[in-house]
Amino acid sequence: MSRLGQTCLGAAAGLLIDRVVGEPPADVHPVAEFGKAMGRVEQALWADRRLAGVAYAAVGVAIGAAGGRLMKSTATAVAVAAAGRELRQVAVRIGEAVASGDLVAARAELPTLVGRDPAGLDDSGIAAAVIESVAENSVDAVIAPAFWGAVAGAPGAAAYRAINTMDAMVGRRNERYSNFGWAAARLDDAANYIPARIFAVLVAVLNQERARQVIDAVRQDAPAHPSPNAGVAEAAMAAALDRELGGPLSYEGVAEERPFLGRGSQPEPDDIESAVRLADRVEIAAVGLLVLIGLIDRLLDRSSG
């Protein structure tokens, strides 16, 4: 079997491990340790210049890739980098709180998924925020780790998680990070570009009755989103559920105008469960696709042998 076949099967196994086991505890999670290390790197390198941010990002990618090489196993690296199980569980808990009318509990847990200010959100606003997060993070925490694990093995999956973590740490558009975090943010955009579009394709394939609406939303609505990847994932999810996502929001106390995505009605609490089910099906389809590629590679290897 070629290396691609091996890494595809390893990436599939990694997603399955995450589905069954979930993420390691925070006090022993490799990503948490990476975050602490990059906090020290930031202290050493920070300057209000893009070049300083480039150095920071380069160090982070190197650390991530080295960690992946130490793991050796693509399955292990993808399992550590993925977080689909945790994403869906948190979304379900918030959905249950909203459905029961406990908006206080829902707002309290919402920051674990999204950065927007939860205080002024009603049940529809909370549902929209959760659905958007499920879409975006299905790319970040499922498709992208598996994609880079398949492409570049354990170092690829670990380096991707390093990039995504750095973006979460310094990729924000504020006074401190507008220059320093530029490189990490652009790296994250590049790393998620193909995975976001794989997610949209899988959403369309799994919802063939609304495939045209998914394609139209991705082509027409997503380009107006400030993120080249989150807009694609959220537009695909909105169209698949026949709901309208996006619109104005408040982030860290600052009002932002976001484009509307999709042409349906406003989300309702029950739509959270539908979004979680769709994200679950997308992950299963991704596992199946990776296994198929691995098996085809094995068959081709045997036939050539």
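To start, this report covers the structure provided alongside it. (Residues numbered from 1 in each chain as written. Predicted model: local features only at pLDDT ≥ 70, side-chain atom pairs only at ≥ 80, totals over all residues. Heavy atoms only, no water.)

## With respect to the overall build of the protein chain
Cut-off, in case you're wondering: Secondary structure follows DSSP: runs of H or I at least 4 residues long count as helices, runs of E at least 2 residues long count as strands, and numbering of each begins at the N terminus. Residue exposure (1.4 Å probe, protein chains only): buried if accessible area is under 20% of the type maximum, exposed if over 50%, otherwise partly exposed. Accessible surface area values rest on a Shrake-Rupley calculation with a 1.4 Å probe, where residue burial reflects the displayed protein chains alone. Asp and Glu count as negative and Lys and Arg as positive, but His and the ends of the chain are not part of the count. All charge positions are set by atom: Lys at NZ, Arg at CZ, Asp at CG, Glu at CD.
The helix and strand inventory of the protein chain stands at 12 helices and four strands. Based on the C-alpha atoms only, the size of the protein chain along its principal axes is roughly 60 × 50 × 35 Å. Looking at the protein chain as a whole, 50% of its 305 residues are labelled buried. Carbon and sulfur atoms provide 58% of the accessible area of the protein chain, an area that totals close to 14,000 Å². For the protein chain, the distance from the average position of its 29 positive side-chain charges to the average position of its 37 negative side-chain charges is 7 Å.

## Focus: the nonpolar core
For clarity, the cut-off: We call a set of buried Ala, Val, Leu, Ile, Met, Phe, Trp, Tyr and Cys residues a nonpolar core when their side-chain atoms join them within 4.5 Å. Working rule for contacts: check all heavy atoms of both residues, and any pair within 4.5 Å makes them a contact.
Among the nonpolar cores identified, the biggest contains 64 residues, and I94, V130, F199 and M237 are the most heavily contacted of them. Breaking this core down by element, the ones donating at least two residues are α1 (3–21), α4 (74–81), α5 (84–99), α7 (123–170), α9 (182–206), α10 (211–220), α11 (230–241) and α12 (270–304). Ranked by residues supplied to this core, first place goes to α7 with 15 residues. Setting aside residues no more than four positions away along its own chain, M237 makes contact with I131, V134, A135, F199, A275 and L278. V41, M166, V170 and F180 belong to the second largest nonpolar core, which has 18 residues in total.

## Quick look at unusual backbone geometry
Even without a glycine there, the phi angle at K72 is positive, about 70°. With a phi close to 60°, D242 is a non-glycine residue in the positive phi region. Here D242 lies in the loop between α11 and β1 (245–246).

## Quick notes on α11
Note the following rule: To estimate how far a helix should extend, the number of its residues minus one is multiplied by 1.5 Å.
Under the 1.5 Å per step criterion, the end-to-end length of α11 is 16 Å for 12 residues, consistent within 8% with the ideal 16 Å. For α11, the tally of buried residues reaches 12 of 12 residues, placing the bulk of the element in the interior. Along α11, the residues classified as buried are A230, G231, V232, A233, E234, A235, A236, M237, A238, A239, A240 and L241. Once α11 ends, the next one or two residues include D242, with phi positive near 60°.

## Some thoughts on the packing of α1 against α7
Applicable threshold: Inter-axis angles, ranging from 0 to 180 degrees, are taken between N-to-C directions of lines fitted to C-alpha atoms, where helices are fitted over the stretch in contact. Roughly parallel refers to an angle under 35 degrees, roughly antiparallel to one over 145, roughly perpendicular to one between 65 and 115, and oblique to any angle outside these ranges. By definition, turning the near helix anticlockwise from the far helix through less than a right angle yields a left-handed crossing, and turning it clockwise yields a right-handed one. Here the nonpolar group is Ala, Val, Leu, Ile, Met, Phe, Trp, Tyr, Cys and Pro; Asp, Glu, Lys and Arg are the charged ones; every other residue, Gly included, is treated as polar.
Taken N-terminus to C-terminus, the directions of α1 and α7 make an angle of 155°; their axes are 7 Å apart at the nearest point. Taken as axis vectors, α1 and α7 run roughly antiparallel relative to one another. The two elements α1 and α7 cross, and the hand of that crossing is right-handed. Residue-level inspection shows R3, L4, T7, C8, A11 and L15 of α1 in contact with α7, the latter providing V142, A146, G149, A150, V151, A152 and G153. A class-by-class count of the residues in the contact of α1 with α7 yields nine nonpolar, three polar and one charged.

## Structural notes on the side chain of N207
To keep things clear, this is the line we draw: Here a polar contact is recorded for every N or O atom pair within 3.5 Å, except that within protein the pair must consist of a potential hydrogen donor and a potential acceptor, and residues adjacent in sequence are included only if both atoms are side-chain atoms.
If you trace the backbone, N207 turns up in the loop between α9 and α10. Polar contacts involving the side chain of N207 include one to the main-chain carbonyl oxygen of V203, which spans 2.9 Å. Residue contacts for N207: discarding those within four places in its chain leaves A240, L278 and R281.

## Some details on the packing of aromatic side chains
Quick note on the threshold: A pair of aromatic rings is counted whenever rings of Phe, Tyr or Trp (Trp by its six-membered ring) have centres within 6.5 Å, and the orientation is called stacked for planes under 30 degrees apart, edge-to-face for over 60 and tilted otherwise. In this analysis the charged atom, NZ for Lys or CZ for Arg, is taken to sit over a ring once it is within 6 Å of the ring centre and within 35 degrees of the ring normal.
This model, assessed by the stated rule, comprises three aromatic pairs. Here the aromatic rings of W46 and F180 are separated by 6.5 Å at their centres, their planes lie at 45°, and the arrangement is tilted. Of the two residues, W46 sits in the loop between α2 (30–45) and α3 (50–71) while F180 sits in helix α8 (residues 177–180), which places them 134 residues apart along the sequence. Classification of F180 as buried rests on a relative accessible area of 0%. Arranged with centres 5.0 Å apart and planes meeting at 85°, the rings of F147 and W148 form a pair that is edge-to-face. Using a relative accessible area of 18% as the deciding quantity, one classes F147 as buried. Residue classification places W148 among the partly exposed positions, given a relative accessible area of 24%. Joined through ring pairs, the aromatic side chains of W46, Y56 and F180 make up one cluster. Against the face of Y193 rests R197, its NZ or CZ located 3.6 Å from the ring centre.

## Considering a negative patch on the surface
So the rule is basically this: Nonpolar side chains (Val, Leu, Ile, Met, Phe, Trp, Tyr) are joined into patches within 5 Å and like charges within 9 Å, using only residues with over 30% relative accessible area and no salt bridge. For this document, the term salt bridge refers to a Lys or Arg side-chain nitrogen within 4 Å of an Asp or Glu carboxyl oxygen.
A cluster of acidic side chains, namely D122, D123, E268 and D270, defines a negative patch on the protein surface. When you line up the elements, D123 lands in helix α7. Among the residues examined, D123 registers a relative accessible area of 35% and is labelled partly exposed.

By themselves, these figures tell us nothing about what the structure is for.
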